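Commentary on secondary and tertiary structure
As a plain string of letters, each chain reads:
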Amino acid sequence: MPGFEVFGAEERKQVSDVLESGVLMRYGFDGMRNGHWKAKQFESAFAERMQTQHCQLVSSGTAALTVALASAGIGAGDEVIMPTFTFVASFESIMMLGAVPVLVDIDDTLTLDPEAVEAAITPKTKCVMPVHMCGSMADLNALQAICDKHDLILLEDACQALGGTYDGKPLGSIGDLGCFSFDFVKTITCGEGGAVITNNDQFKINADQYQDHGHDHIGNDRGAEGHPTLGYNFRISELNAAVGVAQLDKLEGILKLQKNNYETLRTALEAVNGVTFRRVPEGGEENYSFLNIFLPSAELTEKAHKALSEAGVDGCFYWYTNNWHYINGWEHLRNLKSLGNLPSEIKDQIQNLNQTDFSKSDAWMGRTLSFLIKLGWSTSELNDRVEKIKTTLRSVL
Ligand SMILES: *Cc1c(COP(=O)(O)O)cnc(C)c1O
């Protein structure tokens, strides 16, 4: 997944364009900036690559989720359905707006189970937020049908699946809104950064205003701009955007390398008895940032994870006990530990997460191992690695 592996002269050149003019901000200072508009340049190139009308660059993937939700008018007391397996940004971005996260089970796609989504809908539900974890996607046709039926917003968190497709369309471009992260470990990086994409003209206007204190960006005097609505500061800096301009040019090469390395590992593991693979919904193509496998039981999976680590295989994740990505590890969320008082809507409406039955998610997550696919492995490094993984898994199974 990591674009940082290919950071080089192209990124330095883009950043030095900005350093030479000294205009580190994406707005204004037209005369001083030597014609460089890195954030704008990234936005139009990214919108084109994602086959969408609009892109709004922001300061992080987490900010992108918050801005996307806000731009769709989601606020206090609105319920947003999200999966039990995701990054903490999912509930953080929802709760930031006073909206209420509703956690539901995942299935063998390791993303939202459409049946669980439908069962969780109430009159307060406003949005369904599938998270395309570890390079592969949710069953978007099924989720789209549910959203159409109940008049809900479909917001794709594609932060870990940049470059993957579904029915030939880029992941993130299928729902009403799609979000991406360009943090340091994502498929391409800005250092820190994120993006919202949409084909909805009003959502784009809302996102543009919300991420910059409500500024309407009309005219060329920033100080005199109108503020049609309340906003916040989720702007990206011009320096970070410049890194992204160079990284975006490298995306196709990154995806090609990932696919090659993924396929080598996958072909080898197909020959190991007891290994099965995560289901990719029909019509979907992964971005190949991870290879995700199931082992026959949670006990064996835990054992295999330990054995792989002892054998020196890095980048192998057992999310079930990893405190970042699965509800098991979110003690702070389950017990609503916050610095200040939380909005009453959240306190009143949130599920009792300590008592909700997520055994269906447990059944998949307990058996899941994910292997990070790196770009920089030489052929012999890759072959050694594949051999080591194969031998270790065979010794455990
Ligand atoms: C990385 C990530 C985010 C948040 O992105 P940041 O840029 O780190 O804030 C959100 N969702 C998922 C699935 C992610 O992997």
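A quick note: this is a predicted structure, and the numbers were derived from the prediction, not measured.

What follows concerns the sheet that holds strand β6 (residues 165-166). Here three strands make up an open sheet; going across it, the order is β7-β6-β11 and the pairing antiparallel. What marks the edges here is a single partner per strand, and that holds for β7 (169-170) and β11 (284-285).

Below, the discussion takes up the side chain of S361. Looking at where S361 falls in the secondary structure, it is placed in helix α13 (residues 359-365). Note on S361: relative accessible area 0%, which makes it buried. Polar side-chain contacts of S361 include one of 3.2 Å to the backbone nitrogen of I106. Excluding residues within four positions of it along the chain, S361 makes contact with T84, D105, I106 and Y326.

So, on to the site of the ligand. Surveying the vicinity of the ligand reveals 14 residues, the closest of which are G61, T62, S181, D183 and K186. A distance of 2.5 Å separates an oxygen atom of the ligand from a polar side-chain atom of T62. D183 places a polar side-chain atom, nitrogen or oxygen, 2.7 Å from an oxygen atom of the ligand. Bound to the protein, the ligand loses 93% of the 380 Å² it would expose on its own. Its residues placed into classes, the shell around the ligand shows five nonpolar, six polar and three charged.

Residue placement: H325 occurs in the loop between β13 (316-317) and α11 (331-334). Taking the relative accessible area as the measure of exposure, H325 reaches 12% and is therefore buried.

What follows concerns helix α14 (residues 379-396). Here α14 is 18 residues long and its end C-alpha atoms lie 26 Å apart, about the 26 Å a rise of 1.5 Å per residue gives. Listed as buried for α14 are L382, R385, V386, I389, K390, T392, L393 and V396.

Our focus in this paragraph is the packing of aromatic side chains. Per the counting criterion, the structure on display carries 17 aromatic pairs. Arranged with centres 5.5 Å apart and planes meeting at 90°, the rings of F46 and F182 form a pair that is edge-to-face. One end of the pair, F46, is in helix α2 (residues 38-49); the other, F182, is in the loop between β8 (177-181) and β9 (194-198), with 136 residues separating them in the sequence. Of the residues examined, F46 reaches a relative accessible area of 0% and is grouped as buried. Its relative accessible area of 0% is what places F182 among the buried residues.

So, about the domain arrangement of the protein chain. Domain boundaries in the protein chain define domain 1 (3-250) and domain 2 (252-396). On a C-alpha basis, the centres of domain 1 and domain 2 stand 24 Å from each other. Facing the 48 residues of domain 1 at the interface are 47 residues of domain 2. For the pair domain 1 and domain 2, the summed buried surface comes to about 4000 Å²; carbon and sulfur atoms form 60% of the total. Interface area lost by domain 1 to domain 2 is led by L103, D108 and C134, which between them contribute 15%. The tally of links from domain 1 across to domain 2 stands at three salt bridges. A salt bridge links D107 to R279; its shortest N-O distance comes to 3.7 Å.

Here we come to the environment of L333. In this fold, L333 is placed in helix α11. Along the sequence, L333 and G284 sit 49 residues apart, while their C-alpha atoms lie 32 Å from each other. Not counting residues within four places of it along the chain, the set of residues in contact with L333 comprises F91, M95, L103, I350 and L353.

Turning our attention to the sheet that holds strand β12 (residues 290-294). The strand order across the open sheet built from four strands is β10-β12-β14-β13, with neighbouring strands paired in antiparallel fashion. Where the open sheet ends on each side, the last strands, each with one partner, are β10 (276-277) and β13. Sheet topology note: the β10/β12 ladder contains two bridges and is antiparallel. Each residue of the ladder has a partner; that of F277, found in β12, is I293. Packed on one face of the sheet, helix α9 (residues 251-270) meets β10, β12 and β14 (368-372) and runs near 15° to β12.

Parameters and conventions
Residues numbered from 1 in each chain as written. Predicted model: local features only at pLDDT ≥ 70, side-chain atom pairs only at ≥ 80, totals over all residues. Heavy atoms only, no water. Pairing = 2+ DSSP bridges. Helix = DSSP H or I, 4+ residues; strand = E, 2+ residues; numbered from the N terminus. Buried < 20%, exposed > 50% of the residue type's maximum accessible area, 1.4 Å probe, protein only. Polar contact = N/O pair within 3.5 Å; in protein donor to acceptor, adjacent residues only side chain to side chain. Contact = heavy atoms within 4.5 Å. Near = heavy atom within 4 Å. Areas by Shrake-Rupley, 256 points an atom, 1.4 Å probe, with all protein chains shown as cover. Nonpolar A, V, L, I, M, F, W, Y, C, P; charged D, E, K, R; others polar. Expected span 1.5 Å × (residues − 1). Phe/Tyr/Trp six-rings, centres within 6.5 Å; stacked < 30°, edge-to-face > 60°. Domains from an automatic or database assignment. Buried area = accessible area lost by both parts, 1.4 Å probe. Salt bridge = Lys/Arg side-chain N within 4 Å of Asp/Glu carboxyl O. Axes fitted to C-alpha atoms, helices over the stretch in contact; angles between N-to-C directions.

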